[in-house]
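Architecture and fold: a report
Now for the letters of each chain:
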Amino acid sequence: MTTPPAPRPRPHRPAWAGRNYTLLTTAAVVTGLGNAGALIAAAFAVLEAGGDGGDVGLVAAARTLPLVVFLLIGGAVADRLPRHRVMVAANSLNCLSQAVFAVLVLSGEARLWQMAVLSALGGTGQAFFSPAAEGMLLSSVNGEQAARAFALFRMGMNGAQIGGAALGGALVAVVGPGWVLAADAAAFAVAGALRSLLDVSAVARREPGGGMLRDLREGWREFVGRPWLWSIVVQFSVVNAVVGAAEAVFGPLVAEDHLGGARPWGLALAAFGAGTVLGGLLMVRWRPRRMLLAGSLCVLPLALPSAALAVPVPVVPLVVVMFLVGVSIEVFGVSWMTALHQEIPEDKLSRVSAYDWFGSVAMVPLATALAGPAEAAFGRAASLWGCSALILALTLAVLTVPDVRRLRRRETEPVAEGGPAAATDTAPEPVSPR
């Protein structure tokens, strides 16, 4: 009698990649693929409906405005209610709004005001989703392996955005924007189903407290009580704004006038995306002890793209610059998430995340709107040099904050999945007060 072959061993996930982390990462990749294509599809849907560039901007602004308005409320809600329920509800709203958007576009009946309203609903969903999602992710891993987990999560997100943009652009050309919007709605449905499976039994139940305003005040005190936190958020409120203006307004103009059109600029943006993936790979292995110091130093290269566009440099040097910037900004991104995970109490993660998100996006629409008037008043080159100077000045200013230079990574003990990490401080130097 022959002995039956032994069953093949199943591949095991790393100990730190628990069920919640795996579900969150998978869902984020799914929605990343859908969202990247949907942004392209929405713009072409507006154009196919007879709109112009200004109408495209109007629909984009309609999404951004409620995102800014509701972010802080979304953070407070996510710290009062089970975060996975907030995420699923937000995904459901995004699924419904994108599905209606798709039906209107496919039927040929889409009107500008309808697209603006649906985009606003999408932005509202994002405002409630983002703080809850970040709080859930930060509490899904233990501190010892947090940096590796966040690096892999961001690699998946960045890879999905790159692939989604490429696939979405191709599908818009082949099947039209309506079907790409329908695919995004389906992606939200899948992601919502995955997030409904998250296990929150190990997360301590949060008491409702004394009301929404009290919750917001508590989050504000947590935010302003940490100099490293508010100084970097203030820094990035301006950095994100000027980078957004350079990429959304000045970059395409320089490409059209000096580099040969949209293709070279698209190549430069693709190089940036590839750089973020390599940066994620780097951060899987590299764990800088002074994480905020390393991360903030890696913000300095963000001044290079604006300077390269101001010259302007040829295509190849611009692609190299964008690639290197992608690598460096990913070092900051992982370091920042690791610092939040280590320093912010679990029950306040979503509120602090909301203030972080608010600072990151609030000034972007204003900077984009002022880019044209700034070019008319000072000239394109001077405006771009001004963007570089602001990035350098603010980053150097942040590096003067003692907590940014001193905050050190702490060794942690593994905890049950889904619960906050129990940290044991081994750093000989002081860190930010709680």
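Keep in mind the model is a prediction, meaning the values are calculated, not measured.

1. Considering the overall build of the protein chain
In terms of regular secondary structure, the protein chain is built from 16 helices and two strands. When each of the 434 residues of the protein chain is scored for burial, the buried share is 51%. Partitioning the contacts of the protein chain with sequence separation of at least 6, the portion at a separation of at least 24 is 88%. Only carbon and sulfur atoms are counted for the fraction: they give 68% of the accessible area of the protein chain, which is about 19,300 Å².

2. Remarks on helix α8 (residues 227–259)
Largest kink in α8: about 40°, centred on Phe250, with the proline Pro252 one to four residues after it. A positive phi of about 110° marks Gly260, the residue just after α8.

3. So, the nonpolar core
By size, the foremost hydrophobic cluster in this structure holds 67 residues, and its most contacted members are Trp228, Leu229 and Trp336. Top contributing element to this core by residue count: helix α12 (residues 315–343), with ten residues. Core analysis: the second largest hydrophobic core is formed by 20 residues, Ala255, Ala308, Leu318 and Leu384 among them.

4. A closer look at the packing of aromatic side chains
Evaluation of the coordinates by the stated rule reveals seven aromatic pairs. Between Phe236 and Phe332, the ring centres sit 4.6 Å apart and the planes meet at 15°, which makes this aromatic pair stacked. On the criterion of sequence distance, the pair formed by Phe236 in helix α8 and Phe332 in helix α12 is long-range, its members being 96 residues apart. Just as Phe236 is buried, Phe332 falls in that class too. An aromatic cluster is present here, built from Trp228, Phe236, Phe332 and Trp336 joined pairwise through their rings.

5. Thoughts on unusual backbone geometry
Omega for the bond connecting Val311 with Pro312 falls within 30 degrees of zero, at -20°, which places this linkage in the cis form. Counting through the fold element by element, Pro312 comes out in the loop between α11 (303–310) and α12.

6. What to know about helix α4 (residues 112–138)
The terminal C-alpha atoms of α4, which comprises 27 residues, lie 38 Å apart, in line with the 39 Å expected from a rise of 1.5 Å per residue. A bend of about 30° at Phe129 is the largest found in α4, and the proline Pro131 appears one to four places after it. Across the 27 residues of α4, 21 count as buried, placing the element largely inside the fold.

7. Quick word on the packing of helix α1 (residues 19–48) against α4
At a minimum axis distance of 13 Å, the contact between α1 and α4 shows a crossing angle of 160°. With respect to α4, the element α1 is oriented roughly antiparallel. Seen from above, α1 lies across α4 with left-handed handedness. Contacts from Asn20, Tyr21, Leu24, Ala45 and Val46 of α1 reach α4 at Leu112, Met115, Met136 and Leu137. Of the residues belonging to the contact of α1 with α4, the class tally is eight nonpolar, one polar and no charged.

8. Overview of the confidence of the model for the protein chain
Residues with a pLDDT of 70 or more make up 87% of the protein chain, whose mean pLDDT is 81. Counting interchain partners and residues more than four positions distant, the pLDDT-below-50 stretch residues 413–434 has 58 contacts.

9. Concerning the pattern of salt bridges
A full pass over the atoms with the stated rule returns seven salt bridges. For Asp257, the salt bridge goes to Arg380, with nearest N and O atoms at 2.9 Å. Residue Asp257 is located in helix α8, and its partner Arg380 is located in helix α15 (residues 380–398); the two are separated by 123 residues in the primary sequence. Residue Asp257 is classed as partly exposed on the basis of its relative accessible area, which comes to 48%. A salt bridge links Arg380 to Glu375; its shortest N-O distance comes to 2.8 Å.

10. Describing the packing of α1 against helix α6 (residues 177–195)
The interhelical angle for the contact between α1 and α6, taken along N-to-C directions, is 160°, at an axis separation of 8 Å. In this view, α1 runs roughly antiparallel relative to α6, as classed from their interaxial angle. The handedness of the crossing between α1 and α6 is left-handed. Of the residues that constitute the contact of α1 with α6, the class distribution is 17 nonpolar, five polar and three charged.

11. Quick look at a nonpolar patch on the surface
Taken together, the side chains of Leu106, Leu167, Leu171, Val174, Val175 and Trp179 present a nonpolar region at the surface, about 590 Å² in accessible area. With four residues, the single largest contributor to the nonpolar patch is helix α5 (residues 146–175). With respect to the element layout, Leu167 can be found in helix α5.

12. A short note on the environment of Met291
Tracing the chain through its elements places Met291 in helix α10 (residues 291–297). For Met291, a relative accessible area of 0% gives the class buried. Separated by 48 residues in the primary sequence, Met291 and Ala339 have C-alpha atoms spaced 7.3 Å apart. Apart from residues no more than four positions distant in its own chain, Met291 is found in contact with Ser335, Thr338, Ala339, Gln342, Leu407, Arg408 and Arg409.

13. Considerations on the side chain of Ser383
Position of Ser383 among the secondary structure elements: in helix α15. A relative accessible area of 10% means that Ser383 is categorised as buried. Of the polar contacts made by the side chain of Ser383, one reaches the backbone oxygen of Ala374; its length is 3.2 Å. In this view, Ser383 contacts Phe250, Ala374, Glu375 and Phe378; residues no more than four positions away in its chain are not counted.

About the thresholds
Residues numbered from 1 in each chain as written. Predicted model: local features only at pLDDT ≥ 70, side-chain atom pairs only at ≥ 80, totals over all residues. Heavy atoms only, no water. Helix = DSSP H or I, 4+ residues; strand = E, 2+ residues; numbered from the N terminus. Buried < 20%, exposed > 50% of the residue type's maximum accessible area, 1.4 Å probe, protein only. Contact = heavy atoms within 4.5 Å. Areas by Shrake-Rupley, 256 points an atom, 1.4 Å probe, with all protein chains shown as cover. Bend = angle between axes of the 7 residues up to and from the residue. Core = buried A, V, L, I, M, F, W, Y, C linked by side-chain atoms within 4.5 Å. Phe/Tyr/Trp six-rings, centres within 6.5 Å; stacked < 30°, edge-to-face > 60°. Expected span 1.5 Å × (residues − 1). Axes fitted to C-alpha atoms, helices over the stretch in contact; angles between N-to-C directions. Parallel < 35°, antiparallel > 145°, perpendicular 65-115°, else oblique. Left-handed = near helix turned anticlockwise from the far one by under 90°. Nonpolar A, V, L, I, M, F, W, Y, C, P; charged D, E, K, R; others polar. pLDDT = per-residue confidence, 0-100. Salt bridge = Lys/Arg side-chain N within 4 Å of Asp/Glu carboxyl O. Patch = residues over 30% accessible without salt bridge, like charges linked within 9 Å, V, L, I, M, F, W, Y side chains within 5 Å. Polar contact = N/O pair within 3.5 Å; in protein donor to acceptor, adjacent residues only side chain to side chain.

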